[in-house]
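# Reading the structure
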Amino acid sequence: MTEFLQQLLNGLSLGAIYALIALGYTMVYGVLRFINFAHSDVFMVGAFIGYYLGHHVPESTVWGGLLVLTAAMIGCALLGMLIERLVYRPLRSAPTLNVLITAIGVSLLLEYTGQLVFGAAPRTFPPIFPSANFHLGPLTISSNQLLVISVTLILLFALRFIVMRTKIGTAMRAVSLNPRAASLVGINNDFVISFTFALGSAMAAAGGILYALNYPSIDPLMGVMPGLKAFVAAILGGIGNIPGAALGGLLLGTVETFVGGSEWSTYKDAIAFAILIVILLFRPAGLLGKFTVEKV
Amino acid sequence: MDWPLTQMLTVKNLEVCYGAISALGDVSFSIAAGRIVTLIGANGAGKTTALRTISGLLRAKSGHINFNGEDLTRLPPHQIVARGICHVPEGRMIFSNLSVDENLAMGAYLQRDKARIAQNRDYVFSIFPRLKERLTQAAGTLSGGEQQMLAIGRALMGDPKLLMLDEPSLGIAPKLISTIFEKIVEINRNHGLTILLVEQNARLALEISHEAYVLETGRVVLHGPSPELRTNPELKAAYLGG
Ligand SMILES: Nc1ncnc2c1ncn2[C@@H]1O[C@H](COP(=O)(O)OP(=O)(O)OP(=O)(O)O)[C@@H](O)[C@H]1O
Ligand SMILES: [Mg+2]
């Protein structure tokens, strides 16, 4: 039982990171109906911003850590907006396939520019937050796990508030439902799309920092696997559905951790993806997704 | 033809294509402030295309759209809304997953003045009390007629100077159609709102409008005061069922 709870905790904290990345995939899909493959590299850039800034703040302090986290989120929000403005906006009326291929191109561009600028060798992420282990009965909870879970929860609630309660959030939902109707009430769709990229990219940056704190070796290709998992999580939850992305991330992280702790650990990725396939066979639109009739 | 009134909207030599297909070829018409003007015509005549081009959803290949002295031809939709043209599109296009309340809030997206928003809301509820009873309901679960009321209400929240309605009678029970048309007349009369109405139901459109243009395959073939056109023999044969 202790073993189970311990693994559940580990799984949820890994899943929380997937959830943070998955939100960006799902939100961008919501407003533009394509998968932004460069998203996983924004996650990587977030970790690198944290790496460089982390050396300029005192180590192991809460305020230093939060400062780095916030700066990385702002930096990546700007990067996300820049990518959208320079690359995706000119392709707004292009066929989806063209946009997808371009997204892969942007992804490769970021990865190899990363190798050029940061170098290909892995680096050790500085311990920006204080670290300690807490014992709750037989369970061991690391401060990093607590950090991951609390930061994720705060960001999820903040996002929910923005999307459900603010004017710009309502506009995001309106654009996602019907971009033409949105423009007819005076919404500037480009602005809303830009805002969506900023929001998703900031979440990915937070994910990047939290991931780097837990797996403290970072390199320019570090986004590939977590990005793929998060993409799967977004599909699993129902692409375009925000609570779905969070649920999918948590589920995938948990499954992966449990399989990783079992005798089949070598196959943990294969099993995680097999589960995805099985779930999608029964619920093709994802766990929380609904099929919507595409209106012309 | 002489124009005793100042023109609010003037469309001149408008030409619009979908790819290689021409939908409008050299269409001109104008609307004087405070009037209800209708565009009538058969399926595919280009009525929806004309409205979409005015509201910026489509780009004209050539021609001009002038609104209160300003050229709108190259502006994006959200800036045209900001100038005071609100378009109730064909098929209503309400935000189905959003509540009635949120739909109305989105209608006022460009309004900064809270007091003005509240005033417009009260006005919308005074015309369509049904909406007030359904505020928290998801808009997609409203009946067709209620959705049309919401679509008009949403447009009114934008505080338009010109309201464009594309087939408000489409898919609505006959009883509700007359209600909605009464409301359209009421909005025009009590509020002085200028209205451009597109309708397939020519009889109804000619009854409530001051002036009408008849479109046929992307061209204006007839134009005149509505009461006159109601008795026009050509029009009677083609659109009013003899
Ligand atoms: N998206 C489109 N792509 C290609 N052709 C189109 C498109 N939309 C409309 N058309 C064509 O343009 C012409 C005018 O269409 P439009 O929708 O403006 O007609 P309408 O007068 O509104 O008809 P209805 O009364 O059926 O709504 C038609 O021939 C139509 O087939
Ligand atoms: Mg039409």
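Look up: the structure comes first, before these words.
Residues numbered from 1 in each chain as written. Chains lettered and ligands numbered in written order. Predicted model: local features only at pLDDT ≥ 70, side-chain atom pairs only at ≥ 80, totals over all residues. Heavy atoms only, no water.

### Observations concerning the pairing of strand β4 (residues 62–67) of chain B
Residues and elements named next belong to chain B. Counted only if it meets this: If DSSP finds at least two bridges between two strands, the strands pair. Every helix listed is a DSSP run of H or I at least four residues long, and every strand listed is a run of E at least two residues long, numbered separately from the N terminus.
Where strand β1 (residues 7–18) lies against β4, five bridges are found, and the strand directions are antiparallel. Following the sheet pairing, Leu9 is matched in β4 by Phe67. The sheet contact formed by β4 and strand β5 (residues 70–71) spans two bridges and is antiparallel. By the bridge assignment, Phe67 is partnered in β5 with Glu70. Counted between consecutive antiparallel strands, the loop separating β4 from β5 contains two residues, among which Asn68 sits at a positive phi close to 45°.

### Let's talk about the site of ligand 1
All names here are of chain B. Under the convention used in this document: Whether a residue is near a molecule or strand depends on its heavy atoms: if one lies within 4 Å, it is near. What qualifies as a polar contact is a pair of N or O atoms within 3.5 Å, subject to a donor-acceptor requirement within protein and to the restriction that residues adjacent in sequence count only when both atoms come from side chains. All accessible-area figures derive from a Shrake-Rupley calculation using a 1.4 Å probe, and residue coverage is judged against the displayed protein chains alone.
Taken together, 13 residues surround ligand 1, and among them Asn43, Lys47, Thr48, Thr49 and Glu90 come closest. With respect to ligand 1, the side chain of Thr48 contributes an N or O atom lying 2.6 Å from an oxygen atom. The protein chains hide 65% of the 630 Å² of surface that ligand 1 would expose on its own. The element best represented in the shell around ligand 1 is helix α1 (residues 47–54), accounting for three residues.

### Here we look at the coordination of the magnesium ion (ligand 2)
Residue and element names in this part refer to chain B. In plain terms, the rule: With water excluded from the atoms, a metal site may look incomplete; its donors are any N, O or S atoms within 2.8 Å, or within 3.2 Å for Na, K and Ca. Here's how the labels work: a residue is buried when its accessible area is under 20% of the maximum for its type, exposed when over 50%, partly exposed in between, all with a 1.4 Å probe on protein chains only.
Looking at the metal site, the magnesium ion (ligand 2) is ligated by Thr48 (OG1) and Glu90 (OE), spaced 1.8 to 2.3 Å from it. Of the two residues, Thr48 sits in helix α1 while Glu90 sits in the loop between β6 (85–88) and α3 (100–107), which places them 42 residues apart along the sequence. By relative accessible area, which is 15% here, Thr48 ends up buried. Assessed through its relative accessible area of 31%, Glu90 is described here as partly exposed.

### Digging into the pattern of salt bridges
Side chains that differ in charge, positive against negative, can pair when their charged atoms come close. All names here are of chain A. The following threshold applies: Note on definitions: salt bridges are taken to be side-chain nitrogens of Lys or Arg within 4 Å of carboxyl oxygens of Asp or Glu.
Scanning the model with the defined rule gives 17 salt bridges over all chains in all. One salt bridge in this structure joins Arg92 and Glu84, with 2.9 Å as the shortest N-O distance. According to the relative accessible area criterion, Arg92 is partly exposed, its value standing at 30%. According to the relative accessible area criterion, Glu84 is buried, its value standing at 0%. Residues joined in a network through salt bridges with shared partners are Glu84, Arg89, Arg92 and Asp190.

### Some points on the sheet that holds strand β9 (residues 211–216) of chain B
Residues and elements named next belong to chain B. Heads up, the condition is: Interaxial angle, 0 to 180 degrees, is taken between N-to-C directions of lines fitted to C-alpha atoms, where a helix line uses only the stretch in contact. Throughout, a contact is declared for two residues whenever any of their heavy atoms are within 4.5 Å.
Across the sheet, which stays open at both edges, the six strands sit in the order β6-β7-β8-β3-β9-β10 with mixed pairing between neighbours. The strands lining the two open edges of the sheet, one partner per strand, are β6 and β10 (219–225). Between one strand and the next, the sheet's axes are offset by a mean angle of 15°, whatever the strand orientation. Here strand β3 (residues 36–40) pairs with β9 via four bridges, running parallel. Residue Ile40 lies in a different strand from β9, and its bridge partner there is Val214. Of the strands in this sheet, β6 and β7 (162–166) touch helix α6 (residues 144–157), which is tilted by about 170° from β6.

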